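# Secondary and tertiary structure notes
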Amino acid sequence: MTSLAARALAATLLSAGLASAGAAELNLWVMSTTEQQQQDMRELLRPFLAANPGVRVNVTVLNWESAWAKITAAAASGKGPDVIELGTTWVPAISSMGALEPVSAQQQDEVGGAKAFLPVMWSTTHRHDDPTVVAIPWYAEARAAFYRTDVFKKAGIEPRDAFANWGSFKQAMQKVNGIELNGRKIAALGYPGKNDWNVVHNLAPWIWNAGGDLLSADRKRSAINSTEAVQAIVYYTGFAAEGLVPRGALEKDSAQIEQGFFNGQYAVIFSGPWLLKQMSTPKSRGGQLETVTAANFGIAPYPAGLKGNQTLFSGSDLAVMKSSKNKAEAWKLLAFLTARETQVAYSRMSGMLPTRLDAAADPSLMADPHYAQFIAQVKNGRHYPSIAGWGPLESVYLKNIGNMFDIVSGVKGKYSSLSIKQAMDAAAQEADQVLSASR
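Residues numbered from 1 in each chain as written. Predicted model: local features only at pLDDT ≥ 70, side-chain atom pairs only at ≥ 80, totals over all residues. Heavy atoms only, no water.

### Some details on empty space enclosed by the protein
- Under the defined criterion, the tally for this structure stands at one cavity of 30 Å³ or more.
- The volume enclosed by the largest cavity comes to roughly 30 Å³.
- Lining the largest cavity we find Trp138, Tyr139, Gln343, Tyr346, Ser347, Ser350, Met352, Leu353 and Pro354.
- Those elements that provide at least two residues to the lining of the largest cavity are β5 (136-142), α15 (340-350) and β12 (353-354).
- Residue contributions to the lining of the largest cavity peak at four residues, all from α15.
- Classifying every residue of the lining of the largest cavity by side-chain character gives six nonpolar, three polar and no charged. (1 Å grid on protein atoms, 1.4 Å probe; cavity = no way out; pocket = protein on both sides within 12 Å on 5 of 7 lines; lining within 4 Å. Points joined across faces, edges and corners; volume = space filled by probe spheres on them. Helix = DSSP H or I, 4+ residues; strand = E, 2+ residues; numbered from the N terminus. Nonpolar A, V, L, I, M, F, W, Y, C, P; charged D, E, K, R; others polar.)

If you want it as structure tokens, here you go:
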């Protein structure tokens, strides 16, 4: 989900000391979200293990690339862990396999219920057509604009005006493009093309803000070729077609674009809260604190389209698997991990956002002005529809949007509004077949 996602499969045993012969042993699967996931999980679980000396926790760290295959195999076999992390778009599919233990009303009350969490994240805890809650939100990510304050100042651009709407944003990017700072020309905007798994995430806010969507209202058909969606995609890809995004950027992935922002290649990129973590961490520990960018950046919302300036929210939930032999202890672990103090601690470790309202507003986090600025810009959050078939559907979109970027970059065909519409018609046709098969 982030540039830290590619990590090898690993496992570690965590305990508060020598466990008694009757100790409950829990298996917890999580994805790699921090630089040192195993060490961070050991530290995160320390209070839980101290308070529960009769419990041992085996933590297995999965990388995002292989996690889906491992999780679906575990769900199908009934031999999964006790507690499992699921990407928010994965919850409906694993739930539909009957692999997740429902969260009772009493358990929901124990963690605060829906009112304690960001509404958009609570919507990921169950399928859209089934109110049964099967997971609890753990951490979130959202997208916002990161821009170079020194570049905008030299160009004489007021950020508030630049990010006001689509028209003002395009004008600002035209004015910024090619500004020279410290002897180096800076491109206006950076975003990746077909070689990035984030392409759907990158397009979604623009489509929503134009009044479009990725699915029809009844969630039975694709809407990626609607007039509004195509309008948004043409606007977005137009930055590359007009030279405001360097053609070379379209061959990169999100991690490379973020590195380019740190290195001063782009005046603006759209990314998530993990950038804050990187720009507050010294280079000796893998961060970007000493860069010029870290000393000269601001955060802004998506420019408003005709239907507002929504952003994408996603992240991960935690669930107890039905196959667990220690469901009471497993729930206790899940409740600990989703508690306010634990979410605040994990936010500091990972750079991700807490999903609890009280944790997101924690004074220790809000003391960072950039964090406070980010939280203020991502209030208009939205998530993909919670349908069981989202996984294969997103794969279809990824492939077809990748083909579209071949048109944008001039590799295949001639770029035009018509060619983009035709590419999205092909995407919608294939997506409809997937949706039909998943019903």
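### A word on the packing of aromatic side chains
- By the definition in use, this model includes 28 aromatic pairs.
- Plain terms: the ring middles of Phe48 and Phe336 are 5.5 Å apart, the flat faces sit at 45° to each other, and that makes the pair tilted. Of the two residues, Phe48 sits in helix α1 (residues 37-51) while Phe336 sits in helix α14 (residues 327-337), which places them 288 residues apart along the sequence.
- A residue is classified by how much of its surface remains accessible, and Phe48, at 3% relative accessible area, is buried.
- Classification of Phe336 by relative accessible area gives buried; the value is 18%.
- Just above the ring of Phe117 sits the side chain of Arg356; from NZ or CZ to the centre is 5.2 Å. (Phe/Tyr/Trp six-rings, centres within 6.5 Å; stacked < 30°, edge-to-face > 60°. Buried < 20%, exposed > 50% of the residue type's maximum accessible area, 1.4 Å probe, protein only. Lys NZ or Arg CZ within 6 Å of the ring centre and 35° of its normal.)

### Quick notes on the pattern of salt bridges
- For the structure shown, the criterion picks out 13 salt bridges.
- Where Asp129 meets Arg127, a salt bridge forms, and the shortest distance between an N and an O atom there is 3.0 Å.
- Among the ionic pairs, Arg382 bridges to Asp213, the shortest N-O distance being 2.9 Å. Here Arg382 is found in strand β13 (residues 381-382), whereas its partner Asp213 is found in the loop between α9 (199-209) and α10 (227-241), with 169 residues between them in sequence. (Salt bridge = Lys/Arg side-chain N within 4 Å of Asp/Glu carboxyl O.)

### As for α9
- Burial analysis of α9 places 11 of its 11 residues in the buried class, which makes it a mostly covered element.
- Taken as a whole, α9 has its buried residues at Val199, Val200, His201, Asn202, Leu203, Ala204, Pro205, Trp206, Ile207, Trp208 and Asn209.
- Where α9 is buried, its residues contact α8 (166-176), α10, β9 (266-271), β11 (311-320), β13 and α19 (390-408).
- Just downstream of α9 lies Gly211, where phi reads positive at about 95°. (Contact = heavy atoms within 4.5 Å.)

### Focus: α19
- In this model α19 runs 26 Å from its N-terminal to its C-terminal C-alpha over 19 residues, within 8% of the 27 Å that 1.5 Å per residue would give.
- Two residues or fewer after α19 comes Gly410, characterised by a positive phi angle close to 85°. (Expected span 1.5 Å × (residues − 1).)

### Describing the layout of surface pockets
- Approximately 610 Å³ is the volume found for the largest pocket.
- As for the largest pocket, its lining consists of 26 residues, of which Lys277, Thr281, Arg348, Met349 and Gly351 are closest to the centre.
- Those elements giving two or more residues to the lining of the largest pocket turn out to be α12 (274-279), α15 and α17 (363-366).
- The residue inventory of the lining of the largest pocket, partitioned by class, reads eight nonpolar, 12 polar and six charged.
- By volume, the second largest pocket is sized at about 510 Å³.
- If you tally residues by element for the lining of the second largest pocket, the top one is α19, at six residues.
- Here the lining of the second largest pocket is built from residues that sort into nine nonpolar, eight polar and three charged.

### A look at the sheet that holds strand β10 (residues 297-300)
- A sheet is described by the order of its strands in space; here five strands give the open sequence β7-β8-β9-β6-β10, paired in mixed fashion. Looking at the sheet topology across the chains shown, the edges are occupied by β7 (179-181) and β10. The average undirected angle you get between the axes of adjacent strands in this sheet is 35°.
- Note: strand β6 (residues 144-148) against β10, four bridges, orientation antiparallel. Each bridged residue has a counterpart across the sheet, and for Arg148 the counterpart in β10 is Phe297. (Pairing = 2+ DSSP bridges. Axes fitted to C-alpha atoms, helices over the stretch in contact; angles between N-to-C directions.)

Worth remembering: the numbers are spatial, not functional.
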